Structures are given as C-alpha cells and as structure tokens.
Amino acid sequence: MASQTQGAIIGIGELKPVRYSTGKTTLSLIAESVRLAIQDAGISKEDVDGLLVGPQVGETPQHVPATVSEYLGIDPNMSNTVDLGGATGPGMIWRAAAAIQAGMCETVVCVLANKNEKGETLRSPNRNPIREFDVPFGASGANTSYALLKRQHMEEYGSTQEDFARIAYWARKNAQLNPDAIFHGKPVEVEDILASPMIADPLHLLEIVMPVAGGAAVIVTSPEKAEKAKHKPVYLKGAGEKITHRAVSQAPNLEGLPFNYSIPRALDQARTNIEDIDLLSLYDCYTSVVATTLESAGLCKPGEFGDFVKNHTFGHDGDYPLNTHGGQLGFGQADLAGGMSHVVEAVHQLRGEAGNRQIPDARNALVTGNGATLSETTALVLGGER
Amino acid sequence: MSELQNISLPGPTITPVSEPFWEGIKAGRLSLQQCDKCEQWIFYPREHCPHCFHHSLTWKQASGRGRLKTWSVIHRAGHPAWQEHTPYVVGVVTLEEGPSLLTHLLIEEAALTYNMEVEMAISEIGPHPLPFFKKQEEMK
C-alpha cells in the first residue's frame, strides 16, 4: 500500500452555482471550468496531457473524453470517463495521480459541469434491474432511496428528526460566509427545516440539495512538478474507495455501509487519524448521508451522530469544521460537479485562501464523495505539506 | 388533455432471465432462484450466484413472507404518473429466505413498525400484476 504523497493539486476552477443556466451548453460550462482552473494553475492548455470527465447526463452519452478533448482543443495522452455518481469528483483525483505515477501523463485536468434549464429535467433513464424492480412499485429517484436510509437509521438507533435537521442547519449557516453559495443570504433555523414540506417521509424539503447549474475543474500533477507551481500545492496523502451495491434494496445493513471501509483506508494511507483532520469536507446530498459518514469516519459510535452534532460546533471556527463552503446543502448541487465542490473547498482551506471562513492553521482535510445511495464511496486525505 | 395525464404507470421491463419471476407473479406465486451449490436464495433474478458465483440456479417457490426493513411515505413521487397516488408507502422487505426487495406497502402509515411481519399481496397496477406487501395475517 502506497504511503507517500501520490499527487498534487495545482489549480482549481469553479463556477458560481446558478439555479438555471439559460443559453449555456454543458460543453461550454466544462470549457469555462477548465479555463478557470488552468488560469489558477498558471499553465496553458498545452500543458495538460490528461483528461478525466464525467458521464454527461442528457448529452453525449458515449465518447465523452474525445468530445470534450475536441471541444477544448487538447490532445491528451490519457483520458477516461469516471462514473461514480457523486463520488466521481474525488474518484478522479486519485485516478489522475495514479495515471501520472504510471507514466501515462504529467498533468491531468479533472472536470465536471452541467447545465440546468428551466422546465427541462435532465436525468439518466433508469435501466434494469432498478427500472424493472423498483420503478414499477412507485420508487424512483434519490429522494426515496435516502428517505429509506434515514428511516432505517431512526428505527435502528433511535435518531430523531432534530438530529438530522442540525446537519442542514450547519450547512446553511456556513453558506452565509460563502457569497457563491446558492443559499447565501438565506439562513434557516432547525425549526424551519422541520417545518418544511415532507417530500419522502422522513425527509423534509430542506434536507435535500437544490439542483443548480455549475461546474468545477481541478488540475492534478506530480508532487515534483507541483513544486514549481504558482500556488502552494495541495497534496494527495491518501485515498480509499469502496462500492457495495447499486439499488437501495440491495444495500448492506448500516454497519456494512461502504464508507466504513473507504474512510479508514484513506486515513491509513495518509498515516493520520480522524482527530488530526482540520476540515471535514463531507459529501452531503442529504442529511442522512452526513449522519452515517460521521459515524463511518469514527467521529462517534454507530448510531450516535445525533449526540455528536448536538454537542459540537461545525463552523470554520468550530470544534469540527464541516463543509465550510456550505456543503452542497448550502452551496447547491450542480449535478456531479457538486461532489467536486468538496475538493475545491479543501484546496481553498489548505492554501489558506478561504478568506472570512478560513480555518486557522488548516493542514489536513478529509474529502468524501458518495454515489447512488451510499453505494459508490471515495475518501481522500488532502494535505498542505508534502 | 395535458401530456401528464397520458403518462401511464411504468410496468416492469421484463428480460428473458427474469421472465420466470413474472410468470410466477401472474400465477400468484413468489418465485425465487436458489443456488445449486451454496444453496443461498437470490433476488433479483440473474444467471450467476452473487455469493459463490456458481452458474446453475434453480427457480423455487418462496414463502412470500418477510419483515419490514425500512419504509418511506412518498408525498412527491419521482415518476409523474405516481403523483396522483400520493401519499403512498414504499419499503424494503427482507424475505424469510434471506434476500431483500423493494416493494409497495398496503399498510396504513400509523400501522408501520420496524421489523413488522409482512406478506405478499399481488396487486394489479394497470395491466401489470406486482408483488406488493401487506401486514401478515395471524397464523391459523
């Protein structure tokens, strides 16, 4: 198992989330995200010789890397589609480092972006077996799946609606320090979350991410090359990944959820432990994901996240800074790019450029990504020192 | 008439591998595959055992009974055709034989309890008979 620094992030570019992206195509949002990341890294697109992209929902279902390469005007020595749902962003970072270590390329751009137009719902069509065995029963979409997960936690461990609502409360509170967040200027109290409409009981509206248009790109290179970079590099110290199932009906029991493997693996690889992490940048499409992730990370015992969130503070100046950009619950979810927002915020914090939400002396961050219903999970430890 | 009213409830998209399951449902039975080697029961239908990867599975009649692992009361349906039926209940049932499946529950919200005993109740949704589940009746 590798234990040395595996790669370095030298550039980030992120679009300010907007509810609707009228007049934009997904390819143009991809290109703009890449332009910003290249500019941030202080390189030109000719320096990029690797490309990782996501599957494009509703556009270009096949040959995605070639289509994006052509559009950007690059000719990479390595390219691929990474298809891990919300874990795609973090999943790209270690794959980029691995391709560089394998000698296939030197500098990789990892990019995710999506348009979102009013009245147009872009979604992947459900295919078998979910289309055959879930959809006919009235279960389609992520809201149902995450509601089932939340109900199971409440029944098995006695966690309460207030416990989950506190997670959404902190996300919104942190978003007030991020002018790019879709919910900047719109704080909510725990009571507001509990009073919001029930979408799929026990999930309330304000426990669910807002779909937005946006994009994010991250430039990864070798630790050696990163020494000459424009910004202070952010290093990949450890990674863990685990996939356990696809459909929520086939999920393991709560004690077997995949973050129980991927997070400890990332921490072990980085030779660190959870108490030495300065920023928790945890994937939060729903409150129920953060709840089980805190438990999988070993911050509290299984079933006890409720006491943990009640007894600690989660702002940039809190006991456990968590999703200081507002999380996706506060920032908005630009489809797969939402998962990359957790990487981008970790880079801001570890460079020390997070402004009025800067964590004092931030040295290490745990970034997680989660796809389907806690099915595909990736965890990264990022650090400010090699 | 609006376009939405023309959307019919989506039925199962049956494959050659899953056909015996749906034939069983039509005949009022819950049929599941059992692995000829490790003897574990399997859902959803496939041609290889996901436990021991043996490639010979046999269709058998299952009890149709299980316990409720989790549930959700749907107020906003993920598929537009289901919206007029809200609120309704979906859940995951762990079958007596071991596998779990997603289903529609014919149980009032107030009567739903964790691990409650449930049994199959085949229901017709449009032209499609589907294995819904209801509260298990008292054993005679």
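Residues numbered from 1 in each chain as written. Chains lettered and ligands numbered in written order. Predicted model: local features only at pLDDT ≥ 70, side-chain atom pairs only at ≥ 80, totals over all residues.

## Looking at the overall build of chain B
Line of reasoning, step 1. Counting secondary structure elements, chain B contains 1 helix and 8 strands.
Line of reasoning, step 2. Shown N-terminal to C-terminal, the secondary structure of chain B runs as helices and strands in the order α-β-β-β-β-β-β-β-β.
Line of reasoning, step 3. A total of 140 residues make up chain B; the buried ones form 33% of that total.
Line of reasoning, step 4. Taking the intrachain contacts of chain B between residues at least 6 apart in sequence as the baseline, contacts between residues at least 24 apart amount to 51%. (Helix = DSSP H or I, 4+ residues; strand = E, 2+ residues; numbered from the N terminus. Buried ≥ 20, exposed ≤ 12 C-beta atoms within 10 Å, placed from the backbone. Contact = placed C-beta atoms within 7 Å.)

## Points about the interface of chain B and chain A
How large an interface is tends to be reported as the accessible area lost when its parts come together.
Line of reasoning, step 1. On the chain A side, the residues contacting the 32 residues of chain B number 28 residues.
Line of reasoning, step 2. Going through the elements one at a time, β4 (65-74), β5 (88-95), β6 (100-105) and β8 (128-135) of chain B are the ones with two or more residues in the side of chain B that touches chain A.
Line of reasoning, step 3. Of the residues forming the side of chain B that touches chain A, the biggest block, 6 residues, is contributed by β4(B).
Line of reasoning, step 4. Considering only residue class, the side of chain B that touches chain A consists of 16 nonpolar, 14 polar and 2 charged.
Line of reasoning, step 5. Of the strand pairs in this sheet, strand β5 (residues 198-201) of chain A and β4(B) are connected by 2 bridges, and their pairing is antiparallel. Along β4(B), the bridge assignment pairs A:A200 with B:I74. (Nonpolar A, V, L, I, M, F, W, Y, C, P; charged D, E, K, R; others polar. Pairing = 2+ DSSP bridges.)

## Some details on the domain arrangement of chain B
All names here are of chain B.
Line of reasoning, step 1. The domain architecture assigned to chain B consists of domain 1 (13-62) and domain 2 (63-140).
Line of reasoning, step 2. The centre of domain 1, based on its C-alpha atoms, is set 20 Å off from the matching centre of domain 2.
Line of reasoning, step 3. Listed per partner, the contact involves 10 residues of domain 1 and 12 residues of domain 2.
Line of reasoning, step 4. Going through the elements one at a time, α1 (19-26) and β2 (41-42) are the ones with two or more residues in the side of domain 1 that touches domain 2.
Line of reasoning, step 5. The residue inventory of the side of domain 1 that touches domain 2, partitioned by class, reads 7 nonpolar, 2 polar and 1 charged. (Domains from an automatic or database assignment.)

## Observations concerning the sheet that holds strand β3 (residues 57-61) of chain B
Through backbone hydrogen bonds, the strands of a sheet pair up, either in parallel or in antiparallel fashion.
Residues and elements named next belong to chain B.
Line of reasoning, step 1. Pairing in this open sheet of 3 strands is antiparallel, and the strands run β2-β1-β3 from one edge to the other. Where the open sheet ends on each side, the last strands, each with one partner, are β2 and β3.
Line of reasoning, step 2. Here strand β1 (residues 31-35) pairs with β3 via 5 bridges, running antiparallel. Opposite Q33, over in β3, you have W59 as the bridge partner.

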